[in-house]
Amino acid sequence: INYEKRVEEWEKEMEDVSLEFEDILDQILIQLDGRTFVERAIDEIIANCRQHAWLNGVPYFEVKGDTIRFQDYFCSHEYWISRDRWTFTSRMKSIVPAIYHYETNCIGDYPHLFNRLFNDFSYPELDFDNDNKLMSIKCFKKGRVDVKFKSKTYATEFADKYLGWVANGGITE
């Protein structure tokens, strides 16, 4: 069958399709699998974070006390138009929503401090002056990113929930 004929048949089928809003709602509810939209969003943040923090069962990170070190190719640096330019790779950008959720218990609608992590920034270390869990994020020229928390407990908690890390699972503590 030639292309024009297939398009014509498809258009005819689409004209005959009867779609009710109940059908759409049913499909949405099936995809949610009994969870709320917020629960589904959190699950997706965690899954995306884990996907980019591991490769073939090997972690791209290590937990050292109050710091999680994301090894190799999580950031890049260049000197551009007379200033330093730091950027997170897509791998690290997929972890930022998890850090934000852990820090604030919010999803999306990032404040300036977090929003700039999706673009470039001028300084390799970003301090978080607040009373929450996160202290700083530091970038290194070889692509490493250190995420420092206010305590070892917070680092371990983040690693367990968002990275799928298990204590004594071969990761340096």
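All values derive from a computational prediction rather than experimental measurement.

**Student:** Looking at this model, I keep getting lost on the overall build of the protein. Mind explaining?
**Tutor:** In terms of helices and strands, the protein carries seven helices and 10 strands. Over its C-alpha atoms, taken along the principal directions, the protein stretches across nearly 60 × 45 × 35 Å. Considering only residue pairs separated by 6 or more positions, the protein has 52% of its internal contacts joining residues 24 or more positions apart. Element-wise, carbon and sulfur atoms account for 51% of the exposed surface of the protein, whose accessible area totals about 11100 Å².

**Student:** Looking at this structure, how should I read the sheet that holds strand E3 (residues 61–64)?
**Tutor:** In a beta sheet, neighbouring strands are held together by backbone hydrogen bonds and run either parallel or antiparallel to one another. With respect to topology, five strands assemble into an open sheet ordered E3-E4-E10-E9-E8, the strand pairing being antiparallel. Here the strands that pair on one side only, and so sit at the sheet edges, are E3 and strand E8 (125–127). Strand-to-strand, the axes of this sheet are offset by a mean angle of 15°, without reference to chain direction. In this sheet, strand E4 (residues 67–70) lies alongside E3 in antiparallel orientation, the contact comprising four bridges. Bridge pairing links Glu62 to Arg69 in E4. The strands touched by helix H7 (residues 152–163) within the sheet are E3, E4 and strand E10 (145–149), with E4 carrying the most contacts at an inclination of about 45°.

**Student:** Is there a simple way to think about the state of the cysteines in this case?
**Tutor:** Each disulfide is one covalent bond, formed between the sulfur atoms of two cysteines. For the structure shown, the criterion picks out zero disulfides. Free cysteine: Cys49, not disulfide-bonded; nearest cysteine sulfur from Cys139 at 16 Å. Looking at the unpaired Cys106, the closest cysteine sulfur is the one in Cys49, lying at 17 Å. According to the relative accessible area criterion, Cys106 is partly exposed, its value standing at 36%.

**Student:** What exactly am I supposed to notice about the nonpolar core here?
**Tutor:** A general tendency of soluble globular proteins is for nonpolar side chains to be buried together. The biggest cluster of nonpolar side chains holds 37 residues, and the ones touching the most others in it are Ile68, Phe70, Phe88, Val145 and Phe158. Residue assignment for this core shows that the elements contributing at least two residues are helix H3 (37–53), E3, E4, strand E6 (83–88), helix H5 (96–104), strand E9 (134–139), E10 and H7. Those residues within four positions of Ile68 in sequence are excluded, and the remaining contacts are Phe61, Glu62, Val63, Val145, Asp146, Val147, Phe149, Ala155, Phe158, Ala159 and Leu163.

**Student:** What should I look at first to understand a negative patch on the surface in this one?
**Tutor:** Judged by side-chain charge, Glu8, Glu9, Glu11, Glu13 and Glu15 come together as a negatively charged surface patch. Here Glu15 is to be found in helix H1 (residues 3–16).

Conventions we followed
Residues numbered from 1 in each chain as written. Predicted model: local features only at pLDDT ≥ 70, side-chain atom pairs only at ≥ 80, totals over all residues. Heavy atoms only, no water. Helix = DSSP H or I, 4+ residues; strand = E, 2+ residues; numbered from the N terminus. Contact = heavy atoms within 4.5 Å. Areas by Shrake-Rupley, 256 points an atom, 1.4 Å probe, with all protein chains shown as cover. Pairing = 2+ DSSP bridges. Axes fitted to C-alpha atoms, helices over the stretch in contact; angles between N-to-C directions. Disulfide = S-S within 2.5 Å. Buried < 20%, exposed > 50% of the residue type's maximum accessible area, 1.4 Å probe, protein only. Core = buried A, V, L, I, M, F, W, Y, C linked by side-chain atoms within 4.5 Å. Patch = residues over 30% accessible without salt bridge, like charges linked within 9 Å, V, L, I, M, F, W, Y side chains within 5 Å. Salt bridge = Lys/Arg side-chain N within 4 Å of Asp/Glu carboxyl O. Lys, Arg positive; Asp, Glu negative; His and termini not counted. Charge placed at Lys NZ, Arg CZ, Asp CG, Glu CD.

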